[in-house]
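Here's the letter readout for the chains.
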Amino acid sequence: MLWSRALIPTVKEAPADATSASHIFLTRAGYIRKVGAGMYDFLPLGVKVLKNVEAIVRREMNRAGALEVLMPQLLPGEYFKETGRWDLYGDVLFRLKDRKGGDFNLGPTHEEIITDIARREIRSYRDMPKNLYQIQTKFRDEPRPRGGLLRCREFSMKDAYSFDVDEESAKKSYEEMRVAYNKIFTQMGLNFRMVAADSGAIGGNTSAEFQVLVDSGEDAIVVCDTCDYAANVEVASAAAKPAKVSEAATTVRLADKQKVHTPGHGSIEDITKFLKVSAPEMLKSLVYVAGKDAVLVVVRGDHEVNEIRVARLLGVNEVFLASDAEVERATGAKVGFAGPVGFKGRVLVDRAASLVVNGATGANETDYHFTGVNFSRDYEGEVVDVRLAANGDLCPNCANAGKNGKLTLYKGIEAGHIFILGTKYSTAMSASFLDPAQEKKPIVMGCYGIGVSRLVATIVEQHHDAEGISWPWRIAPYHVEIVSIGKDAAVLEAATKLYADLQARGVEVLWDDRDERPGVKFKDADLIGIPLRVTVGGKGLAAGNVEVKPRTELDPKKAELVPVASAAQIIADRVHAALA
RNA sequence: CGGCGCGUAGCGCAGCCUGGUAGCGCACCUGGUUCGGGACCAGGGGGUCGGAGGUUCAAAUCCUCUCGCGCCGACCA
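Every residue gets a number counted from 1 within its own chain, in the order that chain's sequence is written. Here every chain gets a letter starting at A, and every ligand a number starting at 1, in the order they are written. In keeping with the model being predicted, local features are shown solely for residues with a pLDDT of at least 70 and side-chain atom pairs are shown and tallied solely at 80 or more, while totals for entire chains, interfaces and linings include all residues. Here the side-chain values reflect all heavy atoms present in the structure, with hydrogen atoms and water set aside.

Domain assignment breaks chain A into domain 1 (16-191 + 422-460), domain 2 (247-384) and domain 3 (478-579). A straight line from the C-alpha centre of domain 1 to that of domain 2 covers 43 Å. As annotated, the domain borders come from an automatic or database domain assignment.

Set out below in structure tokens:
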């Protein structure tokens, strides 16, 4: 492709609202343009990248034996009503009416529709296992789209669904997807972890997320520095053991409980400075509302409450941090002075917090704290695991085996998710089969998602520098970018020949043939991120050379000189080796 | 949904407080000089100031309503 004939609208300034690297560079480099909140145009380069991502996903799904289908995006409302998700999905579901007033929705995911296929077409145990997938546009009215392609209201997703005769067979299907997903993300050049994930309200099911490690990620995961353990902080908390505060703390004598005047020092940060204690010596006490009851949750000052686990322990769907007024009603003190000593009501104490010796905590009296507080002597409560895993915790997997692995906290972007659904949808929609004993049984399902358009952004998050994008070979819109310097006949002739010779060898080439100054072309080349740059200019040609430089090398002096005559073959060989 | 904030040229912004000719940089067009890491000079085109209503002799500016958008939080396969 000649740049002069392409549509690659690079810009110097990033959109003001962009905060993530992928949003900034994909926009600046002319891959995408915003149309509305969570809606984007894919310009020509963007489409090429998206198609490359799709191709990898499609190939590995096919290799894993999955069958591609295509379901509608516009769906009659009856399907979601059949499983109850018409109501459950709430405002996230895009709803619309047709001319006759009938209910329709845009597909946010396709369990209902695929289950409809299954109940019509799968009748015998002989018809399974089956795995059906599609790559298609999804619609979710997200409360807050953000990060460019990272969270959209309209996005491209690969969703696969497996159908098996029983749980054991379903696990095999799940396992095949796990293997396929590892191949897919590896080929995309991503640094990712498969992590144990919260299995949600449906107990006993298996679920794992594929988290790509980037600082701009929305999810928090912990990774062991010694073994291969990795988990979402929400599930890691129960098993992880906190690092010890200090040896002295465990052998020190119990101090007397004392009330201390702490005017206006409500927050953990304030109070640790004021009382000159460390955060791990604080008993952080938070009031939660579960239904009608106020519950006090106590964690160590350096820990965070795992709200999902609190809700699970209390047997409710969700809990909310109490409002200021509710806190005052429950504790008799202003926010910032709650504590377990003398609290009237249910108290959940995190295991790590219960071990704090001579701790400091709110006195349930405005402007007062207690110091020298010890569990059981000064307060009671149910000792449970209600904190999120934290940096430096001992690994629950290998610490016991004497390896002393420590957990490190990372931010992640959820790129994929695999899940054994069980019979939730097959039961709700009567998708059953006859087993060899002629018994009617519900199909056991699994579902497997990959955020395809999100991956485009995710890859940029991991493959960029200060100058722009640096695509992995298999994702890049072109393999080689030729930069011709000036308008000398010799330069044009050499570039024209190289361009043709590379194409003849199956290399995808972009030639920046614009009448621009060299600096502009180099800047744009770094911005759009083609893996290999070939500079054809008077200086090099005088010595019979072109200059070859990978995008990952920023120092132009380190470009490699390659003889013009053999350049096409050498470069083509290199490209094919990189793609092999 | 809660908190804060933003809508002025294709993009990034100033002007608003204190009402009185709508500006700057980039991009774009013309001419010239330049040409190996985002050139320079000269000239030029382009804006219902998000929308509606109100106050006023006069509104980008003040008031009311409304729509759109963003950041933080909550929520979320």
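Paired strands, as defined in this entry, are two strands with at least two bridges between them according to DSSP. Helical segments are the DSSP runs of H or I of at least four residues, strand segments are the runs of E of at least two, and each set is numbered from the N terminus. In space, the three strands of this open sheet follow the order β4-β6-β5, with antiparallel pairing throughout. The open sheet has two edge strands with one neighbour each: β4 (74-76) and β5 (95-97). Looking at each pair of strands side by side, their axes are set apart by 40° on average, direction ignored. In the sheet, β4 pairs with strand β6 (residues 103-106) via three bridges, with the strands oriented antiparallel. The partner of Pro-76 across the bridge, within β6, is Phe-104. Helix axes are fitted only over the stretch in contact, all axes being lines through C-alpha atoms; the angle between N-to-C directions runs from 0 to 180 degrees.

Around RNA strand B, the surrounding shell holds 39 residues, and the nearest of these are Arg-28, Arg-140, Arg-144, Asp-526 and Glu-547. Taking the atoms of RNA strand B that fall within 4 Å of the protein, sugar and phosphate contribute 47% of them. Between RNA strand B and Arg-140 there is a distance of 2.7 Å, counted from a base nitrogen to a side-chain nitrogen or oxygen. Within 3.5 Å is the distance limit for a polar contact, defined as a pair of N or O atoms, with the added protein rule that one can donate a hydrogen and the other accept it, and that residues adjacent in sequence qualify only through two side-chain atoms. One nitrogen or oxygen atom from the side chain of His-417 is found 2.9 Å from a sugar or linking oxygen belonging to RNA strand B. Those elements that place two or more of their residues in the surface near RNA strand B are β8 (154-164), β21 (407-422), α16 (518-528), β29 (532-536) and α17 (538-542). Residue composition of the surface near RNA strand B, by class: 13 nonpolar, six polar and 20 charged. Nearness is judged by heavy atoms alone; a residue qualifies as near a molecule or strand once a single heavy atom is within 4 Å of it. Polar here means any residue outside two lists: the nonpolar Ala, Val, Leu, Ile, Met, Phe, Trp, Tyr, Cys and Pro, and the charged Asp, Glu, Lys and Arg; Gly therefore counts as polar.

On to unusual backbone geometry, then. Cis geometry is adopted by the peptide bond preceding Pro-129, which originates at Met-128 and carries an omega value of 5°. The residue Pro-129 is located in the loop between α5 (111-121) and β7 (130-139) in this model. The residue Asn-364 is not glycine, and still its phi comes out positive at about 55°. Inspection of the secondary structure puts Asn-364 in the loop between β18 (359-362) and β19 (368-373). A simple rule labels every residue: compare its accessible area, found with a 1.4 Å probe on the protein chains alone, to the largest value its type can have, and call it buried under 20%, exposed over 50%, or partly exposed in between. Of the residues examined, Asn-364 reaches a relative accessible area of 13% and is grouped as buried. At Ser-376, a position not held by glycine, the phi torsion is positive, near 80°. Here Ser-376 shows up in the loop between β19 and β20 (382-384). Given a relative accessible area of 44%, Ser-376 falls into the partly exposed group.

Moving on, we come to the side chain of Thr-27. With respect to the element layout, Thr-27 can be found in helix α1 (residues 21-28). Engagement of the side chain of Thr-27 in a polar contact is seen with the backbone oxygen of His-23, the distance being 2.7 Å. Note on contacts: a residue pair qualifies if any of its non-hydrogen atoms lie within 4.5 Å across the two residues. Not counting residues within four places of it along the chain, the set of residues in contact with Thr-27 comprises Pro-9, Val-11, Pro-15, Ser-22, Ile-32 and Arg-33.

Another aspect to go through is the nonpolar core. Counting residues in each nonpolar core, the largest one holds 58 residues, and the members touching the most others are Leu-26, Tyr-31, Tyr-181, Phe-185, Met-188, Trp-471 and Ile-528. Broken down by element, the residue count for this core peaks at seven residues, all from helix α2 (residues 44-63). Summarising the domain contributions, this core has at least three residues from each of domain 1 (16-191 + 422-460) and domain 3 (478-579). Sequence-distant contacts of Leu-26, defined by excluding residues within four places in its chain, comprise Tyr-31, Ile-32, Leu-149, Val-456, Ala-457, Val-460, Ile-469 and Trp-471. Judged by nonpolar contacts, the second largest core, of 24 residues, contains Phe-80, Leu-93, Ile-113 and Tyr-161. In these notes, a set of buried Ala, Val, Leu, Ile, Met, Phe, Trp, Tyr and Cys residues joined through side-chain atoms within 4.5 Å is what counts as a nonpolar core.

Okay, the pairing of strand β2 (residues 39-42) next. One ladder, built from four bridges, connects strand β1 (residues 32-36) with β2; its direction is antiparallel. Note that in β2 the partner of Lys-34 across the bridge is Tyr-40. As consecutive antiparallel partners, β1 and β2 are separated by two residues, and within that stretch Gly-38 has a phi angle of approximately 75°, a positive value.

Salt bridges, as used here, are contacts in which a Lys or Arg side-chain nitrogen is within 4 Å of a carboxyl oxygen on Asp or Glu. As enumerated under the stated definition, the model contains 34 salt bridges in all. For Glu-60, the salt bridge goes to Arg-59, with nearest N and O atoms at 3.9 Å. A relative accessible area of 2% means that Glu-60 is categorised as buried. The partner of Arg-514 in a salt bridge is Asp-524, and the shortest N-O contact between them spans 3.0 Å. With Arg-514 in the loop between β28 (509-512) and α16 and Asp-524 in helix α16, this residue pair connects regions lying 10 residues apart in the sequence. Each member of the pair, Arg-514 together with Asp-524, is buried. Each of Glu-82, Asp-116, Arg-119 and Arg-120 takes part in salt bridges that share partners, so that together they form one network.

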